[in-house]
Amino acid sequence: YPWLDESKVSVVHNGIDLERWLPVSDDELVRGLGIDPTRPSVVFVGRITRQKGLPYLLRAAALLPPDVQLVLCAGAPDTPDILAEVQAGVAELQKQRSGVVWLDRLLSQHELSAVLTQATTFVCPSVYEPLGIVNLEAMACETPVVASRVGGILETVVDGETGYLVEPANPRAIADAINTLLRNPEMAKKFGRNGRRRVEDHFSWTHIAEKTEALYAEMVEERRRG
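As the structure is a prediction and not an experimental result, all values here were calculated from the model.

Draft legend 1. Structural context of the overall build of the protein. When helices and strands are counted, the protein shows eight helices and six strands. If you list the helices and strands of the protein from N to C, you get α-β-α-β-α-β-α-β-α-β-β-α-α-α. For the protein, the C-alpha radius of gyration of 19 Å lies close to 17 Å, the compact-globule estimate for 226 residues. Principal-axis analysis of the C-alpha atoms gives the protein an extent of 70 × 35 × 30 Å. When burial is assessed residue by residue, the protein has 46% of its 226 residues classed as buried. Accessible surface, the protein as shown: approximately 11,700 Å² in total, 51% of it carbon and sulfur. When the 24 positive and 31 negative side-chain charges of the protein are each reduced to one mean point, those points stand 3 Å apart.

Take a look at the structure:
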């Protein structure tokens, strides 16, 4: 909305339930999903749409070390064309490397928390994203995030603090950021802890309720003053 006066706009972000989204360590569960908890893993969660940029992650995955798993929690394709493109990309990767896991059913919240918790990094390769709730869910599970430098992601992921922001539609940039985290596990853990703290401080429902209440109070006071 480029015609709006930014000085008259207040933003109250969406958020997540931090009593539900938290680290879950469950090796038996993730093994049951086909994931080896002893190997590093890169996780994607999202619908199969052009917006989500999954084909760019598939190309980036070919540039990762051979021991790294790629876990795709992906379904609900928008069109047959994008589904066919993803299927071909996954099939090609599976010819080149082991540990390419595609979970095309809707995971329960507990299952997804376990998958995110065991991940070395979560990747959000979207070409556009209004906020990216899934980034908050990953951060709440203390998982560092590699995400595109677009839209509302800029308001959730802090580059160099909770993960890395990369240029959209750039498989090399995605792979480089992932590889940096793989080479620096202590830094990755620090980013994960920072991410949890950031969600607690800025995206909990308690914080959002407080911001909403403060905004209404400010509007009432402005109207009272006329």
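Draft legend 2. Highlighting the nonpolar core. Ranked by size, the top nonpolar core spans 36 residues in total, and within it Leu 116 and Phe 122 carry the most contacts. Of all the elements in the fold, those that place two or more residues in this core are helix 1 (27-32), strand 1 (41-47), strand 2 (69-75), strand 3 (100-103), helix 4 (109-118), strand 4 (121-124), helix 5 (133-140) and strand 5 (145-148). It is helix 5 that provides the largest number of residues to this core, a total of five residues.

Draft legend 3. Molecular detail of the sheet that holds strand 1. The six strands are arranged 3-2-1-4-5-6 in an open sheet whose pairing can be described as parallel. Two strands close off the open sheet at either side, each with one partner strand: strand 3 and strand 6 (163-166). If you compare each strand with its neighbour and ignore which way they point, the axes differ by 20 degrees on average. Pairing geometry for strand 1 and strand 2, over seven bridges, is parallel. Along strand 2, the bridge assignment pairs Gly 46 with Ala 74. Most of the contacts of helix 6 (residues 171-183) go to strand 6, to which it runs at about 165 degrees, and overall it touches strand 1, strand 4, strand 5 and strand 6.

Draft legend 4. Spotlight on the pattern of salt bridges. For the coordinates displayed, the defined rule picks out 13 salt bridges. The partner of Asp 78 in a salt bridge is Arg 47, with the nearest N and O atoms 3.9 Å apart. In this pair, Asp 78 sits in the loop between strand 2 and helix 3 (80-96) while Arg 47 sits in strand 1, placing the two residues 31 residues apart along the sequence. Since its relative accessible area comes to 52%, Asp 78 is described here as exposed. For the salt bridge of Arg 59 with Glu 85, the shortest nitrogen-to-oxygen distance reads 3.8 Å. Linking Arg 59 in helix 2 (residues 54-61) with Glu 85 in helix 3, this pair joins segments that are 26 residues apart in sequence. Within the structure, one salt-bridge network assembled from shared partners comprises Arg 50, Arg 59 and Glu 85.

About the thresholds
Residues numbered from 1 in each chain as written. Predicted model: local features only at pLDDT ≥ 70, side-chain atom pairs only at ≥ 80, totals over all residues. Heavy atoms only, no water. Helix = DSSP H or I, 4+ residues; strand = E, 2+ residues; numbered from the N terminus. Rg over C-alpha atoms; globule rule 2.2 N^0.38 Å. Buried < 20%, exposed > 50% of the residue type's maximum accessible area, 1.4 Å probe, protein only. Areas by Shrake-Rupley, 256 points an atom, 1.4 Å probe, with all protein chains shown as cover. Lys, Arg positive; Asp, Glu negative; His and termini not counted. Charge placed at Lys NZ, Arg CZ, Asp CG, Glu CD. Core = buried A, V, L, I, M, F, W, Y, C linked by side-chain atoms within 4.5 Å. Pairing = 2+ DSSP bridges. Axes fitted to C-alpha atoms, helices over the stretch in contact; angles between N-to-C directions. Contact = heavy atoms within 4.5 Å. Salt bridge = Lys/Arg side-chain N within 4 Å of Asp/Glu carboxyl O.

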